[in-house]
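Here is what each chain is made of, one letter per residue.
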Amino acid sequence: MAGSGRRPEHRGPPELFYDETEARKYTQNSRVVEIQSQMSERAVELLGLPEDRPCLLLDVGCGSGLSGDYISEEGHYWIGMDISRAMLDVAVEREVEGDLLLADVGHGIPFRPGTFDGCISISAVQWLCNADKKSHSPPKRLYRFFSTLYTALARGSRAVLQLYPEHSEQLELITAQAMRAGFTGGMVVDYPNSAKAKKFFLCLFVGTSGTLPKGLGTECANEEQHQAKFTNERTRFRNVKGKSVKKSRDWILEKKERRRRQGKEVRADTKYTGRKRRPHF
C-alpha cells in the first residue's frame, strides 16, 4: 500500500504496481519527494503532538520511507507498514530510521492497544476501496483497518490520513467506516478552490471529540463549507422513532452543503429552503 506524492492514475494491487523498477523511480523523482515531504509535514502538524517529548507514530502505507524521513527529522520515532515488498526494500537500502513491517492493513493493525501516539498515512487509504481479489470487500477491509487502528492508538491521540478519493461516494464510504469503528473528527480540505493544490486529510480523534483543524487556503466565511464533520452520534436527522427525517430543512441543507463540497452548483439557501409548497387547485 505504498503512498505516492501524486494522484494515482493506475488500477490494480499496489504490491504489483510498485515493483522494483517503479519503487526506485518513485523514490528518485524529486517532484514526488517534494510533494511527499510537504504532505507529511502537514499531516504531522494536524496530529497536534506535544512539543515536550518524542512520540511513537504509525505510518500506514510508508512506502520507501519518505514520510518517515520527516517524522525522524521532527525527533519522533515511527513504525511503517506497507504491502509492497519492493518499496520496503528501497526503504531498507535508504537506511531509514523507522522499523518496517510488510503487511496488508486491510487485514488489520497488528499492535497492542494504545501502542501509538498518533498515525499518519500519505496517499494510501484509498487502496482499500479496490476489490483486487474475489474475497475483498472494501467496506469490510476498511472497517477492519479502522477498528484495529482505533485500538492501537492511545486515547486522546489522532490519526491523519491524506487520501485521493476517486469520487464522493468513496469518500463517504471511508468516513462512514471510520465513524463506525469509533472515531470522531472529519475531513480537512486544504486549498479547496485549487484544482492542483487541493488536498484531503481525514483527521480522526480517539476517545475525545476535539476541534477540527482549519483547512489551509479557506476563507473564514466559507470554512464550514469545505470541512465535513462527523461524530459517532447519529442523531441529527432522526425523529423520536429513530427514522431519518428526510426532506426536512436540516436534511436538505446538509445535502446541499455536501454537494457544494463536491464542487457542484447548488442554489443559494433562502428562507424558503425546505418549505413545503401549498397544493394548487
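Our subject in this report is the structure included herewith. Only a predicted model underlies this, so the values are computations on that prediction, with no experimental measurement involved.

The next point concerns the environment of Lys 256. Considering the arrangement of structural elements, one finds Lys 256 in helix α8 (residues 249-261). Separated by 10 residues in sequence, Lys 256 and Val 266 have C-alpha atoms that sit 6.5 Å apart. Setting aside chain neighbours within four positions, we find Lys 256 in contact with Val 266, Arg 267, Ala 268, Asp 269 and Thr 273.

Applying the stated rule across the entire model yields 6 salt bridges. Here Arg 42 ties to Glu 45 by a salt bridge, and the two come within 3.3 Å at their closest N and O atoms. Here Glu 45 and Arg 42 lie together in helix α3 (residues 30-47), a separation of 3 residues that amounts to about one turn. Owing to a relative accessible area of 7%, Arg 42 belongs among the buried residues under this scheme.

Because an α-helix completes one turn every 3.6 residues, residues spaced three or four positions apart along the sequence face the same direction. Of all the residues in helix α5 (residues 85-93), the buried ones are Ala 86, Met 87, Leu 88, Val 90 and Ala 91. Following α5 by one or two positions, Glu 95 adopts a phi angle in the positive range, close to 55°.

Bringing the packing of aromatic side chains into the picture now. This model, assessed by the stated rule, comprises 4 aromatic pairs. On the basis of an interplanar angle of 80° and a centroid distance of 5.0 Å, the ring pair of Phe 111 and Phe 116 is categorised as edge-to-face. With a centroid separation of 6.2 Å and 75° between ring planes, the pair formed by Phe 146 and Phe 183 is classed as edge-to-face. Here the residue Phe 146 occupies a position in helix α6 (residues 138-152), and Phe 183 occupies one in the loop between α7 (168-180) and β6 (184-190), the gap between them amounting to 37 residues. Side by side, Phe 146 and Phe 183 carry an identical accessibility label, which is buried. Aromatic rings pair up to connect Phe 145, Phe 146, Tyr 150 and Phe 183 into one cluster. Arg 180 extends its terminal NZ or CZ atom over the ring of Tyr 143, reaching a point 4.0 Å from the ring centre.

Not every positive phi belongs to a glycine, and Glu 95 is a case in point at roughly 55°. Here Glu 95 shows up in the loop between α5 and β3 (99-102). Although it is not a glycine, Ser 123 adopts a positive phi angle of roughly 55°.

Moving on, we get to the nonpolar core. Judged by nonpolar contacts, the single largest core of 32 residues is most densely connected at Phe 145, Phe 146, Leu 149, Leu 161 and Phe 183. Where this core is concerned, the elements lending two or more residues are β1 (56-60), β2 (77-82), β4 (116-122), α6, β5 (153-163), α7, β6 and β7 (199-205). With 6 residues, the single largest contributor to this core is α6. Core analysis: the second largest hydrophobic core is formed by 25 residues, Leu 47, Leu 49, Val 96 and Phe 205 among them.

What counts as what
Residues numbered from 1 in each chain as written. Predicted model: local features only at pLDDT ≥ 70, side-chain atom pairs only at ≥ 80, totals over all residues. Heavy atoms only, no water. Helix = DSSP H or I, 4+ residues; strand = E, 2+ residues; numbered from the N terminus. Contact = heavy atoms within 4.5 Å. Salt bridge = Lys/Arg side-chain N within 4 Å of Asp/Glu carboxyl O. Buried < 20%, exposed > 50% of the residue type's maximum accessible area, 1.4 Å probe, protein only. Phe/Tyr/Trp six-rings, centres within 6.5 Å; stacked < 30°, edge-to-face > 60°. Lys NZ or Arg CZ within 6 Å of the ring centre and 35° of its normal. Core = buried A, V, L, I, M, F, W, Y, C linked by side-chain atoms within 4.5 Å.

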